[in-house]
Amino acid sequence: GRNKITAITNLAGFRSLRILALPSNRITKIEGLETCDNLEELYLGHNGVTVIENLDKNTKLNTLDLARNQVAVIQNLEKLPCLEHLWLNNNVITDLGCVKTGLVSVLNTFNTLYLEGNPAAGESDYRLKVVSMLPNLFQLDANEVREDERAKALQLATDGSSSIAPASEDQNVADVDS
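Residues numbered from 1 in each chain as written. Predicted model: local features only at pLDDT ≥ 70, side-chain atom pairs only at ≥ 80, totals over all residues. Heavy atoms only, no water.

### Some thoughts on the sheet that holds strand E6 (residues 139–140)
The strand order across the open sheet built from seven strands is E1-E2-E3-E4-E5-E6-E7, with neighbouring strands paired in mixed fashion. The open sheet terminates on both sides in strands that have one partner only, identified here as strand E1 (19–21) and strand E7 (143–144). In terms of strand pairing, strand E2 (residues 41–43) meets strand E3 (residues 63–65) through three bridges, oriented parallel. Each bridged residue has a counterpart across the sheet, and for leucine 42 the counterpart in E3 is leucine 64. (Pairing = 2+ DSSP bridges. Helix = DSSP H or I, 4+ residues; strand = E, 2+ residues; numbered from the N terminus.)

### Re the packing of aromatic side chains
Applying the stated criterion across every chain yields a total of two aromatic pairs. Here tyrosine 43 and tryptophan 87 contribute two aromatic rings whose centre-to-centre distance is 5.9 Å and whose plane-to-plane angle is 35°, an arrangement assigned as tilted. Separated by 44 residues along the polypeptide, tyrosine 43 in strand E2 and tryptophan 87 in strand E4 (residues 85–87) bring together distant segments of the chain. Taking the relative accessible area as the measure of exposure, tryptophan 87 reaches 24% and is therefore partly exposed. Where tryptophan 87 meets tyrosine 114, the ring centres are 6.3 Å apart and the plane angle is 75°; that geometry is what we call edge-to-face. Separated by 27 residues along the polypeptide, tryptophan 87 in strand E4 and tyrosine 114 in strand E5 (residues 112–114) bring together distant segments of the chain. (Phe/Tyr/Trp six-rings, centres within 6.5 Å; stacked < 30°, edge-to-face > 60°. Buried < 20%, exposed > 50% of the residue type's maximum accessible area, 1.4 Å probe, protein only.)

### Topic: the environment of cysteine 36
Mapped onto the elements of the fold, cysteine 36 is located in the loop between E1 and E2. The spacing of cysteine 36 and serine 16 is 20 residues in sequence and 6.7 Å in space, taken between C-alpha atoms. Excluding residues within four positions of it along the chain, cysteine 36 makes contact with Leu11, Phe14, Arg15, Leu17 and Asn58. (Contact = heavy atoms within 4.5 Å.)

### Re the nonpolar core
Residues Leu103 and Leu113 are the most contacted members of the largest nonpolar core, which totals 46 residues. Of all elements in the fold, only helix H1 (97–103), helix H2 (126–133) and helix H3 (147–159) reach the threshold of two or more residues within this core. Considering each element in turn, this core owes the most residues, five residues, to H2. Not counting the four nearest positions on each side in its chain, leucine 103 is found in contact with Ile74, Leu77, Leu83, Leu86, Cys98, Phe110, Leu113 and Leu134. (Core = buried A, V, L, I, M, F, W, Y, C linked by side-chain atoms within 4.5 Å.)

### Here we look at H2
A large share of H2 lies buried, amounting to seven of its eight residues. For H2, the full list of buried residues reads Tyr126, Arg127, Leu128, Val130, Val131, Ser132 and Met133. Residues of H2 that are buried in the fold lie against H1, E5, E6, E7 and H3.

### Focus: the pattern of salt bridges
The full count for this structure, using the stated rule, is seven salt bridges. Close ionic contact of glutamate 123 with lysine 129 constitutes a salt bridge, the shortest N to O distance being 3.2 Å. Connected through shared salt-bridge partners, Arg127, Arg146, Asp148 and Glu149 make up one network. (Salt bridge = Lys/Arg side-chain N within 4 Å of Asp/Glu carboxyl O.)

Shown next, in the form of structure tokens:
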């Protein structure tokens, strides 16, 4: 974790490496993983990564954790046919449009996406918009996609309506007596 690692280096001899966890460091660029062609899980949360890049050789990657970085766009994932789980919560993603374009190559296998804590997650009908773009999505943020959400998202995708009422949410109300 907190080893102040600034770069991913010296992994050439680890061809059979399946899991790499380097959270809470000072890594700003995804690099040095070209020879890790058996890598299945990559955990780089709590770093300073700004761009999803240099993962073309990691075709077995199924889990990518980039939570709490500085990623602005979902991109460069087209060579990851096994990708199922992507954690991008608490980054700087402002446009939900990059969800579909960034994940188009894995639409059939993709399962879990965390986007909460990004500016785009504050858009109205956020969950419905994301589910409409990723029809096979099982979990968005910490919640499973409900069937009623899926039906509303399908309607949104079909007619392009932006007037769909948002899914009901539990509201916490606190009474404070001073």
